[in-house]
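# Residue-level structure breakdown
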Amino acid sequence: GPGARWEMRTMLLEDGSCLVALTDHSGRDAIERMRADFVANASHELRTPLAAILGFVETLSDPAAGGDAEVRQRFLGVIDKEARRMQQLVEDLLSMSRIEASKSQAPTERLEWGALIRQVVAELTAAGDKRAADVRMELGPAAPILADPAQMSQLLHNIIGNAMKYGRAGTPVTVRLGFVGGQMAELAVSDESEGIAPEHLPRLTERFYRVDSARSRSLGGTGLGLAIVKHVVERHRGRLDIDSVVGVGTTVKVRLPLITD
Ligand code: ADP
């Protein structure tokens, strides 16, 4: 098939017969290609702000251009913003590799999902985003889960943060916590926005995949948020679903196993 690569080795045995060994390298090639793509993408994402920083530093070092106090302030502002973008990207890359490395160990801390959700919404509200004031919470009875608190908190930041970022200004974000059957807790985060076209949906959890790169960047996105979410959900033996209706909005759902003892 496409991408398949076979290695054939032949060996002549003492009795005159011939041994043919075929090895399929197509799977390994796919993984290597993904890794190479990832390194190329990450390097590109870091290079862009770095080039901006170096360019503005050079301009500021020129006494003719850097003399005006107002201009200096503006350029320093750009350098600050681009350096923060690089910082966020490096943080996200590090958390991604930490989460991947932790995957073979099931999370062990017992926590109440609703309490953590309330805390993350409070943090996002305190972050000073005006739209954060309009997060509506519908949290049902206690939902005890086994989790890695830091990873779960990051998952919530990324999902609720996206709804706040991509939701239309002035519209509410709804955070619901309920149950599916007796075994699973389900979090559903909904926004009102132009939504996401169906062809994009299966690719949103790919690292650096964005529907609109310029928009994502201007909102401070790294393109790693949903990739991190996917890995956290996998480690917690849960399930992630993203539904969107164009012109209406998006709902991101996470189901996690409840502690039932
Ligand atoms: P980013 O840092 O770009 O927000 P994510 O991995 O969190 O990266 O999301 C990937 C892309 O999915 C975003 O760039 C955006 O195009 C899209 N997306 C994520 N959440 C939403 C949402 N609630 N509404 C619309 N688009 C979204």
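Described in the following lines is the structure provided in the data block. Everything numeric in this text was worked out from a predicted model, so none of it was measured.

Thresholds applied
- Residues numbered from 1 in each chain as written.
- Predicted model: local features only at pLDDT ≥ 70, side-chain atom pairs only at ≥ 80, totals over all residues.
- Heavy atoms only, no water.
- Helix = DSSP H or I, 4+ residues; strand = E, 2+ residues; numbered from the N terminus.
- Contact = heavy atoms within 4.5 Å.
- Phe/Tyr/Trp six-rings, centres within 6.5 Å; stacked < 30°, edge-to-face > 60°.
- Buried < 20%, exposed > 50% of the residue type's maximum accessible area, 1.4 Å probe, protein only.
- Lys NZ or Arg CZ within 6 Å of the ring centre and 35° of its normal.
- Core = buried A, V, L, I, M, F, W, Y, C linked by side-chain atoms within 4.5 Å.
- Pairing = 2+ DSSP bridges.
- Axes fitted to C-alpha atoms, helices over the stretch in contact; angles between N-to-C directions.
- Near = heavy atom within 4 Å.
- Polar contact = N/O pair within 3.5 Å; in protein donor to acceptor, adjacent residues only side chain to side chain.
- Areas by Shrake-Rupley, 256 points an atom, 1.4 Å probe, with all protein chains shown as cover.
- Nonpolar A, V, L, I, M, F, W, Y, C, P; charged D, E, K, R; others polar.
- Salt bridge = Lys/Arg side-chain N within 4 Å of Asp/Glu carboxyl O.

Attention shifts here to the side chain of N162. Mapped onto the fold, N162 is located in helix α5 (residues 149-166). Contacts of N162, omitting those with residues within four sequence positions, involve H157, G167 and L226.

Another point: the packing of aromatic side chains. By the definition in use, this model includes 2 aromatic pairs. With a centroid separation of 4.9 Å and 70° between ring planes, the pair formed by F56 and F75 is classed as edge-to-face. On the criterion of sequence distance, the pair formed by F56 in helix α1 (residues 26-61) and F75 in helix α3 (residues 69-102) is long-range, its members being 19 residues apart. Note on F56: relative accessible area 25%, which makes it partly exposed. Directly above the ring of F38 sits R207, whose terminal nitrogen or CZ lies 4.1 Å from the centroid.

What follows is about the nonpolar core. Core analysis: the biggest nonpolar cluster contains 45 residues, and W113, L155, L156 and I160 have the highest contact counts within it. Put simply, the parts of the chain that give this core at least two residues each are α3, α4 (113-126), β5 (144-147), α5, β6 (173-180), β7 (184-190), α7 (225-235) and β9 (249-257). Per-element accounting of this core gives the leading share, 7 residues, to α5. Other than its neighbours up to four places away in sequence, L156 contacts W113, L116, I117, V120, G161 and L187. Core analysis: the next-biggest nonpolar cluster, separate from the first, contains 6 residues, L60, V71, F75 and M86 among them.

A separate point is the sheet that holds β7. Think of a sheet as strands paired side by side through backbone hydrogen bonds, with each pair either parallel or antiparallel. Strand order in the open sheet formed by 5 strands is β4-β6-β7-β9-β8, with mixed pairing between adjacent strands. Where the open sheet ends on each side, the last strands, each with one partner, are β4 (135-139) and β8 (239-245). The sheet shows a mean angle of 15° between the axes of neighbouring strands, taken without regard to direction. Sheet topology note: the β8/β9 ladder contains 7 bridges and is antiparallel.

Okay, the site of the ligand next. The full set close to the ligand counts 17 residues, and N162, Y166, D191, S216 and L226 are the nearest of them. Taking S216, its side chain carries an N or O atom lying 2.5 Å from an oxygen atom of the ligand. The contact in question runs from an oxygen atom of the ligand to an N or O atom on the backbone of L226, over 2.8 Å. For the ligand, the accessible surface in isolation is 530 Å², of which the surrounding protein chains cover 94%. Mapped by element, the contributors of at least two residues to the shell around the ligand are α5 and α7. For the shell around the ligand, the element with the highest residue contribution is α5, accounting for 3 residues. A breakdown of the residues in the shell around the ligand according to their chemical character gives 7 nonpolar, 7 polar and 3 charged.

Here the focus is the pattern of salt bridges. Throughout the structure, instances matching the rule amount to 14 salt bridges. Of the charged contacts in the structure, one is a salt bridge between D134 and R136, with a shortest N-O distance of 3.8 Å. K253 serves as the salt-bridge partner of D243, at 3.6 Å between the closest nitrogen and oxygen. Of this pair, D243 sits in strand β8 while K253 sits in strand β9; the two residues are 10 residues apart in sequence, bridging distant segments of the chain. One connected set of salt bridges, linked through shared partners, spans E45, R210 and R217.

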